[in-house]
Amino acid sequence: MIVVINDTLGAYGGTHTLTLRICQWLVKNGYQSVVFCEHDGNEEMKYSLESNNTKIFCFDTENRKKAAEIIQSLGKDQLKVINYMWDKYLDMERLKYERKLSFDNILYCVHYGTFMKGVTYPGVIKRIVRRQFLGVFRKMNRNYALVMMDEDTTEKTSNWFGENCSPNTPFVRIPMLCDELEEKESVISKGYQGNIVMSAARAEFPYKGYQIGLIREFAKIKKAKSDARLVMVSGGEVEDIKTIKAEIEKLPEDIRNAVEYHDWMNYDRLKKYMEECKVFVGMGTAVLEAALKYKPSIPVLYNTYEALASNLLSELPESVVAAKDCKDLATNLILKVFSWDETKYREEAYKSFEAVKNCYDIDKNLKLLLAVKPKSRKSVLTIAEIVFIYALRFIGRIKHAKEKMFDISQIRKEC
């Protein structure tokens, strides 16, 4: 089997490290791994993938002639294409329709907003767009071409479409490399002694506004634990980074001096920084990565400028974000971790690692993902749906022409 990840290497974030982990596992287990991308400016990921013997094709998937040539050269009969974005999935389905091709094409939903087409349009237009796309969504699901990562993405999708959108395929939790650290005892001890609260996230507001809330709450943490430090790693567009830095500057000088800010950094370097912290606060794959470094981790709520949390990750590992009705500040859980003696801390550090391994281990979850097989390899789209989808996309490009969301060229990076 040849497995293609159809996404982008022109941005930065959790899907790129996810692609790297998937491709590393594929090559290790005897599969051929391929990446389709229309931009390849993320040099770190590009180098890591090529070093892994992953073949990269950089082209626009809307170019059906080029896409057809590449797919036929790979051998469409043994091809499985995995998309994270709905637009990418639809490009492949249009290609199948217009070029009379057939291959496995699935969408792996790793973000709650994946299916929210038309969200920026006014009322009546939004309803029309949503209804049209719901028809396509249903056909994908009936074809077993849809994979959701968890209950939260399923619930948000159901709320958007106004009906139960449970997938016909099993959940596939985010695949993580769950290798035990040889030096785990040293890492746990260093974390306990360090008294560092850490967060690492793309500066994307209000979605990841908890970063602002954590900075504000750190004043309370510092007063309760005088030797506490806050380490923040964040990358984003200039205005978003200014927002973070301005919030840090508002802190009293003695508290501000205990805050360490870093721009977006190399993936391996970031994981090394995680080894230094005592507790990690965040969401998504970041809390999983931290737990795999034997750190008590706290998932927070998204779309709020407060740092709200309902539990430690080890208590509910299936959820990488806080419960939607959460009203409790993450500060309470942070101070709980700081109150533990070293024996209790070590016990919880191991519990964090094991919880993630049991739920997200890449061996289990990638086998589930690769086992997903659409009932039909033919396109689910009609010509009328293709006309509607691509007319809407054309309008959207004009409407959002100046936006460069998560473009790798827009961020400052540390080596």
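Keep in mind the model is a prediction, meaning the values are calculated, not measured.

## Regarding the overall build of the protein chain
Working step 1: Counting its secondary structure elements, the protein chain contains 16 helices and 13 strands.
Working step 2: For 415 residues, the compact-globule formula gives about 22 Å, and the C-alpha radius of gyration of the protein chain, at 22 Å, lands near that figure.
Working step 3: Counting only C-alpha atoms, the protein chain reaches 65 × 50 × 40 Å along its principal axes.
Working step 4: Relative to its 415 residues, the protein chain shows a buried fraction of 57%.
Working step 5: Long-range contacts, defined as pairs at least 24 residues apart, comprise 72% of the intrachain contacts of the protein chain with a sequence gap of at least 6.

## Quick word on the sheet that holds strand β1 (residues 2-7)
Working step 1: Reading across from one edge, β3-β2-β1-β4-β5-β6 is the order of the 6 strands in this open sheet, with parallel pairing throughout. The open sheet has two edge strands with one neighbour each: β3 (55-58) and β6 (146-148). The mean inter-strand angle of the sheet, taken between neighbouring strand axes irrespective of direction, is 25°.
Working step 2: As paired elements, strand β5 (residues 104-109) and β6 share 3 bridges and run parallel to each other. Paired with tyrosine 108 across the strands is valine 147, a residue of β6.
Working step 3: Packing against the sheet, helix α4 (residues 86-99) makes contact with β1, β4 (79-83) and β5, and its axis sits at approximately 165° to β5.

## A closer look at the packing of helix α5 (residues 123-142) against helix α6 (residues 151-161)
Working step 1: α6 packs onto α5 with a crossing angle of 125° between their chain directions and a minimal axis gap of 10 Å. Here α5 is positioned oblique relative to α6, judged by the angle of their axes. Residues Lys126, Arg130, Phe133, Leu134 and Phe137 of α5 form the contact with α6, whose participating residues are Thr157, Trp160 and Phe161.
Working step 2: By residue class, the composition of the contact of α5 with α6 is 5 nonpolar, 1 polar and 2 charged.

## Re unusual backbone geometry
Working step 1: The peptide bond linking phenylalanine 205 to proline 206 adopts the cis configuration, its omega dihedral lying at 10°.
Working step 2: Tracing the chain through its elements places proline 206 in the loop between β7 (196-202) and α8 (210-224).
Working step 3: The phi dihedral of tyrosine 144 falls on the positive side, at around 60°, and the residue is not glycine.
Working step 4: Looking at the secondary structure, you find tyrosine 144 in the loop between α5 and β6.
Working step 5: The exposure class assigned to tyrosine 144 is partly exposed, which follows from its relative accessible area of 30%.

## Some details on the pairing of strand β8 (residues 229-235)
Working step 1: The element β8 is extensively covered by neighbouring structure, given that 6 of its 7 residues are classed as buried.
Working step 2: When β7 meets β8, the two strands line up parallel, connected through 7 bridges. Residue pairing in the sheet places alanine 200 in a bridge with valine 233 of β8.
Working step 3: In this view, the connection linking β7 to its parallel neighbour β8 by way of α8 has right-handed handedness.
Working step 4: Inspection of the sheet shows β8 paired to strand β9 (residues 259-262) by 4 bridges, in the parallel sense. Across the sheet, residue valine 231 finds its bridge partner in β9, namely glutamate 260.

## What to know about the side chain of serine 199
Working step 1: Here serine 199 shows up in strand β7.
Working step 2: If we skip the residues at most four places from it in the chain, serine 199 touches Tyr210, Gln211, Leu214, Val231, Met232, Val233, Phe280 and Val281.

## Some words on the packing of aromatic side chains
Working step 1: According to the stated counting rule, one finds 15 aromatic pairs in the structure shown.
Working step 2: Relative to tyrosine 31, the ring of tryptophan 25 lies with its centre 6.0 Å away and its plane at 20°, an arrangement referred to as stacked.
Working step 3: On the basis of relative accessibility, which here comes to 5%, the residue tryptophan 25 falls in the buried class.
Working step 4: Accessibility expressed as a relative area gives 28% for tyrosine 31, which makes it partly exposed.
Working step 5: Relative to tyrosine 350, the ring of tyrosine 294 has its centre 5.5 Å away and its plane inclined at 75°; by these criteria the two rings are edge-to-face. One end of the pair, tyrosine 294, is in the loop between α12 (285-291) and β12 (297-299); the other, tyrosine 350, is in helix α14 (residues 342-360), and 56 residues separate them in sequence.
Working step 6: Judged by its relative accessible area of 1%, tyrosine 294 is buried.
Working step 7: Among the aromatic side chains, those forming a connected cluster through ring pairs are Trp86, Phe115, Phe133, Phe137, Phe161 and Phe388.

Parameters at a glance
- Residues numbered from 1 in each chain as written.
- Predicted model: local features only at pLDDT ≥ 70, side-chain atom pairs only at ≥ 80, totals over all residues.
- Heavy atoms only, no water.
- Helix = DSSP H or I, 4+ residues; strand = E, 2+ residues; numbered from the N terminus.
- Rg over C-alpha atoms; globule rule 2.2 N^0.38 Å.
- Buried < 20%, exposed > 50% of the residue type's maximum accessible area, 1.4 Å probe, protein only.
- Contact = heavy atoms within 4.5 Å.
- Pairing = 2+ DSSP bridges.
- Axes fitted to C-alpha atoms, helices over the stretch in contact; angles between N-to-C directions.
- Parallel < 35°, antiparallel > 145°, perpendicular 65-115°, else oblique.
- Nonpolar A, V, L, I, M, F, W, Y, C, P; charged D, E, K, R; others polar.
- Right-handed = clockwise from strand over helix to strand, strands pointing away.
- Phe/Tyr/Trp six-rings, centres within 6.5 Å; stacked < 30°, edge-to-face > 60°.

Read these as geometric descriptors, not functional statements.
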